[in-house]
Amino acid sequence: MLINKEASAVFSMACAVVGKTALPILEENLDWKNIYEISAYHRIENIIAYAVEQICQEESRREQIPEEVRKQFQKAKVTGIMRETIQYHEYEKLTKLLERESIRHILLKGGWLKYDYPSPDMRFLTDLDILVREEELDRVAVLMKQLGYKEFSRGSKDDIYQKEPCMTVEIHKTSAVGYESLDAYLEGIWERSRKREGYETEYLMTWEDFYLYQTGHMAKHFEHGGVGMRMLLDFLVFENERMSCCDRRLIEEQLKLAGLLKMEEKIRELLLKGINRENEIVWEYILQSGTYGLFKFYIQTERNRHQNKLIYYLRRIFPTRKDLLFHYPKFKKYPGGFLAAWFYRLFRNLIVKPGKTVGEFRTLRNDEEHQKVTACMREMGLEKKDEKI
C-alpha cells in the first residue's frame with residue numbers, strides 16, 4: 001500500500017472529522033472502493049463514515065460514491081456504535097466491582113482518550129487496557145470470572161481476558177513501555193494520579209503521564225511491526241484537546257532522556273503536513289503497517305539489533321532463558337521449564353506454524369526492504385535509544 005491520492009484522501013478526511021474542521025476538497029475520480037479498503041485496513045472506516053455522510057448531503061457529490069460503498073461505510077458506523085455501547089457497559093460493570101472490592105485501577109490509552117473524540121465510537125478499541133497493582137491480580141481474576149470472562153493468558157506484563165461478542169480486557173501490572181528512563185519515570189504514575197470524580201478507586205493519570213505513556217507505547221509499536229493512521233489520530237486528538245494544559249517542558253525532558261523526542265516531533269510534523277512525498281519513506285511504512293503492524297517489519301528492526309545475520313539467527317534459535325520464559329510463562333512453574341519451553345517453541349515454529357518461520361527467512365533475504373526500514377527508523381530517530389532488549 002503506497003502513497004496515492006486515495007490514501008491521502010482517507011487521512012485528510014479522518015483528520016478533519018476528529019479535528020472538528022471542514023472536510024478537505026477532494027480530488028476528482030477517486031476510487032471509493034479503494035478508499036474503503038484503506039480505511040478498513042487502518043480500522044478507521046467508522047470515522048470515514050462520518051465524512052461520507054457529510055459528502056452525501058450534496059447530491060452532486062453523493063453520486064461520486066457508489067451505493068455499495070456508501071452502505072459499507074454506514075455499516076461500519078453502526079458497528080462502531082454497537083461496539084462502543086457494549087464496551088462502555090462492560091467497563092461500567094467492571095468498575096462497580098473494582099469499587100466494591102476497593103481495587104485501585106487506571107484506564108489506559110484509547111479507553112480514556114476516546115472521550116476526547118467528537119464521538120467515543122470513533123475510536124475503535126481492540127481491547128480495554130486497565131492498570132492495577134500487581135498484588136491485586138488474583139482478586140481481579142476472580143472478578144473477571146464473575147463477569148463471564150474467560151482467561152486467555154496470564155503473562156509477565158499483563159493478564160488477558162475475553163468475552164463474546166467483542167470484549168478483550170488487558171489487566172496490566174506495570175506501566176512500563178520498554179524504554180528504561182521513561183519506565184523509571186512512569187513508576188511514579190500512581191503517586192501522581194488523582195481520583196476520578198465520583199469514584200473512590202478509579203484513578204486518572206496526569207495528562208503529561210498519559211502522553212508520555214502513549215508516546216512510549218507508540219514508539220514500541222513503530223519499531224516492532226509499525227503503526228497505522230489510527231494511532232496518529234490519537235496524537236491529533238490529544239494535541240487539540242489536552243496539550244495546552246500540559247507541562248511541555250517536562251514532556252520534552254522525559255522524551256529526550258528516553259531518546260524519543262525526535263520521533264514525537266516527527267509525528268507532529270506528519271500530522272501538520274499530511275501525506276506527502278517529503279516524508280515518503282515514513283509514510284510508506286505507516287501505510288503498509290495498517291492497524292497492527294507487519295511481522296516483516298518487526299523482523300527487519302530486530303535484525304538491526306545484531307551485528308550480522310548469523311548472530312541474529314543464533315539468537316532466534318537459542319534465545320535467552322529470560323526471553324523464553326517471558327514469552328512462555330506457563331513453563332516457569334515446572335522443573336526444567338526453560339528446556340521445555342525451548343522444545344515447545346521449536347515444535348510450534350517448525351511443525352505447527354512452519355509458514356511463519358519460512359516467511360521470516362524470506363524477509364531476512366530482502367535487503368532492499370531492510371534498507372528502507374532502516375532509513376525509516378533513522379528518520380524517526382529510533383535507530384539509537386535506551387530500549388530494554
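This structure is a prediction, so every number in the text was calculated from the model and none was measured. (Residues numbered from 1 in each chain as written. Predicted model: local features only at pLDDT ≥ 70, side-chain atom pairs only at ≥ 80, totals over all residues. Heavy atoms only, no water.)

Moving on, we come to the packing of aromatic side chains. If you walk through the whole model with that rule in mind, you get 16 aromatic pairs. Each ring, one from phenylalanine 318 and one from tryptophan 342, has its centre 6.0 Å from the other, and the planes form 5°; the classification is stacked. Of this pair, phenylalanine 318 sits in the loop between α16 (309-317) and α17 (321-327) while tryptophan 342 sits in helix α18 (residues 337-352), placing them 24 residues apart in sequence. Since its relative accessible area comes to 18%, tryptophan 342 is described here as buried. Put simply, the rings of Trp207, Phe210, Tyr211, Phe235 and Phe238 pair up and form one aromatic cluster. Above the plane of the ring of tyrosine 50 lies lysine 77, whose end atom (NZ or CZ) is 4.4 Å from the centre. (Phe/Tyr/Trp six-rings, centres within 6.5 Å; stacked < 30°, edge-to-face > 60°. Helix = DSSP H or I, 4+ residues; strand = E, 2+ residues; numbered from the N terminus. Buried < 20%, exposed > 50% of the residue type's maximum accessible area, 1.4 Å probe, protein only. Lys NZ or Arg CZ within 6 Å of the ring centre and 35° of its normal.)

This brings us to the pairing of strand β2 (residues 128-132). Successive side chains on a regular strand alternate, one facing one side of the sheet and the next facing the other. Taking burial as the measure, the five residues of β2 include five buried ones, the bulk of the element. Of the two faces of β2, the one carrying Leu128, Ile130 and Val132 and the one carrying Asp129 and Leu131 are both buried. As paired strands, strand β1 (residues 105-107) and β2 are joined by three bridges and run antiparallel to one another. Within β2, the residue paired with isoleucine 106 across the bridge is leucine 131. One ladder, built from four bridges, connects β2 with strand β5 (residues 167-172); its direction is parallel. Paired with isoleucine 130 across the bridge in β5 is isoleucine 171. (Pairing = 2+ DSSP bridges.)

For β5, the tally of buried residues reaches six of six residues, placing the bulk of the element in the interior. Pairing between strand β4 (residues 158-163) and β5: six bridges, direction antiparallel. Residue pairing across strands places tyrosine 161 opposite valine 169, the latter belonging to β5. Hairpin connection between β4 and β5: a loop of three residues separates the two successive antiparallel strands.

Taken across its 10 residues, helix α14 (residues 280-289) has eight buried, putting it largely inside the fold. Glycine 290 sits one or two positions beyond α14 and adopts a positive phi of about 65°.

If you trace the backbone, glutamate 264 turns up in helix α13 (residues 261-273). Beyond its immediate chain neighbours, meaning those up to four positions away, glutamate 264 contacts Tyr211, Thr215, Arg248 and Leu255. (Contact = heavy atoms within 4.5 Å.)

By themselves, these observations are geometric and do not establish any function.
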